[in-house]
2 protein chains.
Amino acid sequence: MEIVKGGVTAAKGFEAASTAAGIKYQNRTDMALVYSQVPCVTAGTFTTNLVKAAPVKWDKQVVDSGKKSQAVIVNSGIANACTGAEGFGYCQETAKAAADCLQIDAEGVLIGSTGVIGKQMPIGKLTAGIEAMAGKKNSSLTNGTEAAKAIMTTDTCEKELAVTIQLGGRTVTLGGMAKGSGMIHPNMCTMLAFVTTDAVITKEALQKALSEDVTDTYNMISVDGDTSTNDTALLLANGMAENPLIEYGTEDYQEFKKALHVINEYLAKKIAGDGEGATALFEAKVVGADTKEQAKTLAKAIVCSNLTKAAIAGHDANWGRILCAMGYSGAQFDPEKVDLYFESKAGKIQIIENGAAVDYSEEEATKILSEPEVAAIADVKQGNQTAAAWGCDLTHGYIDINADYRS
Amino acid sequence: MEIVKGGVTAAKGFEAASTAAGIKYQNRTDMALVYSQVPCVTAGTFTTNLVKAAPVKWDKQVVDSGKKSQAVIVNSGIANACTGAEGFGYCQETAKAAADCLQIDAEGVLIGSTGVIGKQMPIGKLTAGIEAMAGKKNSSLTNGTEAAKAIMTTDTCEKELAVTIQLGGRTVTLGGMAKGSGMIHPNMCTMLAFVTTDAVITKEALQKALSEDVTDTYNMISVDGDTSTNDTALLLANGMAENPLIEYGTEDYQEFKKALHVINEYLAKKIAGDGEGATALFEAKVVGADTKEQAKTLAKAIVCSNLTKAAIAGHDANWGRILCAMGYSGAQFDPEKVDLYFESKAGKIQIIENGAAVDYSEEEATKILSEPEVAAIADVKQGNQTAAAWGCDLTHGYIDINADYRS
């Protein structure tokens, strides 16, 4: 496996474009198009929130139909959530406009929206944006990066990655982009993630690879505990790598899944580290758990604790809050057996042994916690299962962004 | 039922004292004593956190033993949590010191601690504090209020209330005090709440009244989603009102429970409104639910949503976040049937009808949301069950307090 340059346009036959459609933001791009020269086998996972945005309902229908898709239209600024039948109608109009401009089947157009909930789409601006993008789409890496920029809301940086693997003498490429900063507590998938690949693969294998991997990646991040109405992860495979067909459970499938995992984990961590107002990516790693499920529950409780996140913002080794969060997580463990460490580029330090503080240096702990990527490692000494979760610190920036997001 | 002045010393035979023991804070009181002239039937509910502070373990043992209690020793500054056998030993020493000073049974001494986790108690200061308090305890209302002040940590005001009811021709008084500001997401009971009464009542009736009522009061508040290691609610009844014995299920029991509810709800709301950094008490009321459980789940999800809490801080009628929180709560409802209102002293305004925005005035909504007590009312139109939950807004103050709480 090799990490290569680019994102959604890295794989063969994928093109992208972006445009400033003026949907909500001014003076920046706010629409992206991802297009494949040939129809794609498509997998998707969606929010478990009972309140599902119109584009989530639309995409689920497309993915469930089993038909191939060929384009994704994404906009930032308005989420098209809580918009009723009118909002869903705009999805149909969007798909139709894209189909006309791109000369493809409207049932093969996927849609992603992110932004404020409850506002209706200015559909004229949206269709004008599609027309503009259809005229300038291409397969350059630059266009892929520009697409990743166009889908940002409160994100501070674009998020993309591409990798290649060798299958049956052919180079298979996977590339993805994602956005997400606030309302991030995915449950089945994250805010918006789009991964493209030129692999030849069955729909079953593609969906299983995605569904299995999101539980260890996007579903293990949290910025604020709020599971969005719009969470969507889409995986498009257009087959242009001409590798032998990848079927579920084979060696090639495992190889493909490993590559997909690299992309998903990278994008998930990028989303967590770029959480609204965040100054640090905060990883919680639980080792020595009885079961994987228990390890995950504990790790996620740690990164979700507001008190722990505020302590990380203050570079404060306030380990009591971590033990407290583990205690209310619902997972079973013996608090008096827990060892806890903090780790970053600046070093690793043990803070707790068997549930009580060791004689550590607060100064050194603060130094370790002052890095832009910090980890807490809890050993519950019960078995050999491990899990990691990712979040960020809770800062004044989060309040600034969210006390007045709509205006 | 009548609301009267005072708190824990309002009921007959209860005395209180406070002192500056210098446990962690300087220049303020940090220990409180509540004492009854005669032994009390005692009820308690405690945190469900797997990590239980030493005083929680101690008190549970006292309450479960069925023996009567006669004094409560509370300190602020150090929580005595994650302190192992040494920490539990300090509870024994505390009880013994109190028993010696007060000439009572050590097994009838209850203990409450709140503050930083993981630090050991300076037991010498604690026992000196007990001695000082034993010498100045009395039944004045002032001493009760001073006790409520001494147990504060990041609280900005003391929290106490007392009520009287008439039972069998006798006046029965209940009075309580509580503290809580951060790490507030009680599950079985709140941070620290102490209610005293001179009622004659069986232990069964006393425990059931408390256990049943905490689920509608302390368990329905949240400041930050972090369930503390120290949550404790204690209810002491010394029988000095000489009313006919209150037994479970009788009319007198119902009357007693109503009075207890007034105190618990008041203290719970005071804790929520005094959440760390809070500028507003935020109430979520769900009406028209199928079941009480569903109404509670929905109400609690709303007050726990960081995004909603930040919007309340910004006086922003960002209703999409409320619907989003309801959607991921786990409760079943039809998003397209929901009506939503905001209400405060400044008025009431409808924002959503059947899941979509009505044409409301943002200006008026902002005015309503600029009051120190604001409510969101969601009607899910399924049945006739209702529930309320209380929280607060999420502000810069919360970050200030928690990014550097230990220093």
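Our focus in this paragraph is the sheet that holds strand E11 (residues 339-344) of chain A. Residue and element names in this part refer to chain A. With mixed pairing, the six strands of this open sheet are ordered in space as E13-E12-E11-E14-E10-E15. Unpaired on one side and paired on the other, strand E13 (356-357) and strand E15 (385-392) mark the two borders of the sheet. Relative to strand E14 (residues 373-379), E11 is paired through six bridges, and the arrangement is antiparallel. Looking at E14, one finds that Leu340 is bridged to Ala378. The strands that helix H7 (residues 292-304) touches are strand E10 (281-289) and E15; relative to E15, the one it contacts most, it runs at about 20°.

All names here are of chain B. Contact geometry of helix H1 (residues 54-65) with helix H2 (residues 84-102) gives a least axis separation of 8 Å together with a crossing angle of 55°. Classed by the angle they form, the pair H1 and H2 counts as oblique. Viewed along their axes, H1 and H2 form a crossing whose handedness is right-handed. Contacts between H1 and H2 involve Ala54, Pro55, Lys57, Trp58 and Gln61 from the first element and Gly87, Phe88, Cys91, Gln92 and Ala95 from the second. Classifying every residue of the contact of H1 with H2 gives six nonpolar, three polar and one charged.

In the superposition of chain B on chain A (RMSD 0.0 Å, axial shift 0.0 Å), the rotation amounts to 180°. The transformation just described matches what one would write down for a two-fold rotation axis. If distances are taken from each C-alpha of chain B to the rotation axis, the shortest is found for His396 of chain B, at 2.8 Å. Most of the interface of chain B is mirrored in chain A, where 100% of its interface residues are also at the interface.

It is worth spelling out the interface of chain B and chain A at this point. Taken together, the contact between chain B and chain A spans 51 residues of the former and 51 residues of the latter. Linking chain B to chain A there are two salt bridges. With a shortest N-O distance of 3.5 Å, Glu336 of chain A and Lys57 of chain B are connected by a salt bridge. Between the two partners, chain B and chain A, sit 14 residue pairs in polar contact (both at pLDDT 80 or more). Only helix H8 (306-313), helix H9 (319-328) and helix H11 (396-402) of chain B provide two or more residues apiece to the side of chain B that touches chain A. Looking at the side of chain B that touches chain A, the element that brings in the most residues is H9 of chain B, giving seven residues. Of the residues assigned to the side of chain B that touches chain A, the class counts are 23 nonpolar, 18 polar and ten charged.

Scanning the model with the defined rule gives four aromatic pairs over all chains in all. Aromatic side chains Trp58 of chain A and Phe88 of chain A sit 6.0 Å apart centroid to centroid with 55° between the ring planes, which places their arrangement in the tilted category. Within this pair, whereas Trp58 of chain A is found in helix H1 (residues 54-65), its partner Phe88 of chain A is found in helix H2 (residues 84-102), the two being separated by 30 residues in sequence. Residues Tyr248 of chain B and Tyr253 of chain B carry aromatic rings whose centres are separated by 4.9 Å and whose planes lie at 70° to one another, so their mutual orientation is edge-to-face. Tyr253 of chain B gets classed as buried once you look at its relative accessible area, which sits at 1%. Note that Lys137 of chain A overlies the ring of Tyr35 of chain A, its terminal NZ or CZ placed 4.3 Å from the centroid.

So, on to the confidence of the model for chain A. With 96% of its residues at a pLDDT of 70 or more, chain A has an overall mean of 91. In the predicted assembly, ipTM is 0.77 and pTM is 0.82.

Take the state of the cysteines next. Scanning the entire structure with this criterion turns up zero disulfides over all chains. Summary of cysteine pairing: Cys324 of chain A is not part of a disulfide, and the nearest cysteine sulfur, belonging to Cys82 of chain B, is at 8.0 Å. Overall, the relative accessible area of 0% leaves Cys324 of chain A in the buried class.

Here the focus is H2 of chain A. Residue and element names in this part refer to chain A. Compared with an ideal rise of 1.5 Å per residue, which puts 19 residues at 27 Å, H2 spans 28 Å between its outermost C-alpha atoms and is within 8% of the ideal. Every buried residue of H2 is listed here: Gly87, Gly89, Tyr90, Cys91, Thr94, Ala95, Ala97, Ala98, Ala99 and Leu102. Tucked into the core, H2 has its buried residues touching strand E3 (31-46), H1, strand E4 (69-78), strand E5 (109-116) and helix H3 (123-134). Just downstream of H2 lies Gln103, where phi reads positive at about 60°.

This part takes up the sheet that holds strand E15 (residues 385-392) of chain B. Residue and element names in this part refer to chain B. In spatial order, the strands read E13-E12-E11-E14-E10-E15; together these six strands make up an open sheet with mixed pairing. Of all strands in the sheet, those bounded by a partner on one side alone are strand E13 (356-357) and E15. Along the sheet face, helix H6 (residues 251-273) touches strand E10 (281-289) and E15 and points at about 40° away from the line of E15.

Residues and elements named next belong to chain B. You can see Thr145 is positioned in helix H4 (residues 141-150). Assessed through its relative accessible area of 17%, Thr145 is described here as buried. A polar contact is formed between the side chain of Thr145 and the side chain of Glu160, at a distance of 2.6 Å. Residues in contact with Thr145, not counting those within four places in the same chain, are Glu158 and Glu160.

Before going further, it helps to examine the pairing of strand E2 (residues 14-19) of chain A. Within E2 of chain A, six of the six residues are buried, which leaves it mostly tucked inside the rest of the structure. Residues Phe14, Ala16 and Ser18 of chain A of E2 of chain A are buried on one face, and the alternating residues Glu15, Ala17 and Thr19 of chain A, pointing to the opposite face, are buried as well.

As a further point, take the environment of Cys101 of chain A. Residue and element names in this part refer to chain A. Position of Cys101 relative to the elements: it lies in helix H2. For the pair Cys101 and Thr127, spaced 26 residues apart in sequence, the C-alpha to C-alpha distance is 9.5 Å. For Cys101, the contacting residues outside a window of four places in its chain are Ile130, Glu131 and Ala134.

Another aspect to go through is the environment of Ala95 of chain B. Residues and elements named next belong to chain B. With respect to the helices, strands and loops of the structure, Ala95 is situated in helix H2. When its relative accessible area of 1% is taken as the criterion, Ala95 is described as buried. Considered as a pair, Ala95 and Asp105 are ten residues apart in the sequence and their alpha carbons are 8.7 Å apart.

Conventions adopted
- Residues numbered from 1 in each chain as written.
- Chains lettered and ligands numbered in written order.
- Predicted model: local features only at pLDDT ≥ 70, side-chain atom pairs only at ≥ 80, totals over all residues.
- Heavy atoms only, no water.
- Pairing = 2+ DSSP bridges.
- Helix = DSSP H or I, 4+ residues; strand = E, 2+ residues; numbered from the N terminus.
- Contact = heavy atoms within 4.5 Å.
- Axes fitted to C-alpha atoms, helices over the stretch in contact; angles between N-to-C directions.
- Parallel < 35°, antiparallel > 145°, perpendicular 65-115°, else oblique.
- Left-handed = near helix turned anticlockwise from the far one by under 90°.
- Nonpolar A, V, L, I, M, F, W, Y, C, P; charged D, E, K, R; others polar.
- Least-squares fit on C-alpha atoms with pLDDT ≥ 70 in both.
- Salt bridge = Lys/Arg side-chain N within 4 Å of Asp/Glu carboxyl O.
- Polar contact = N/O pair within 3.5 Å; in protein donor to acceptor, adjacent residues only side chain to side chain.
- Phe/Tyr/Trp six-rings, centres within 6.5 Å; stacked < 30°, edge-to-face > 60°.
- Buried < 20%, exposed > 50% of the residue type's maximum accessible area, 1.4 Å probe, protein only.
- Lys NZ or Arg CZ within 6 Å of the ring centre and 35° of its normal.
- pLDDT = per-residue confidence, 0-100.
- Disulfide = S-S within 2.5 Å.
- Expected span 1.5 Å × (residues − 1).

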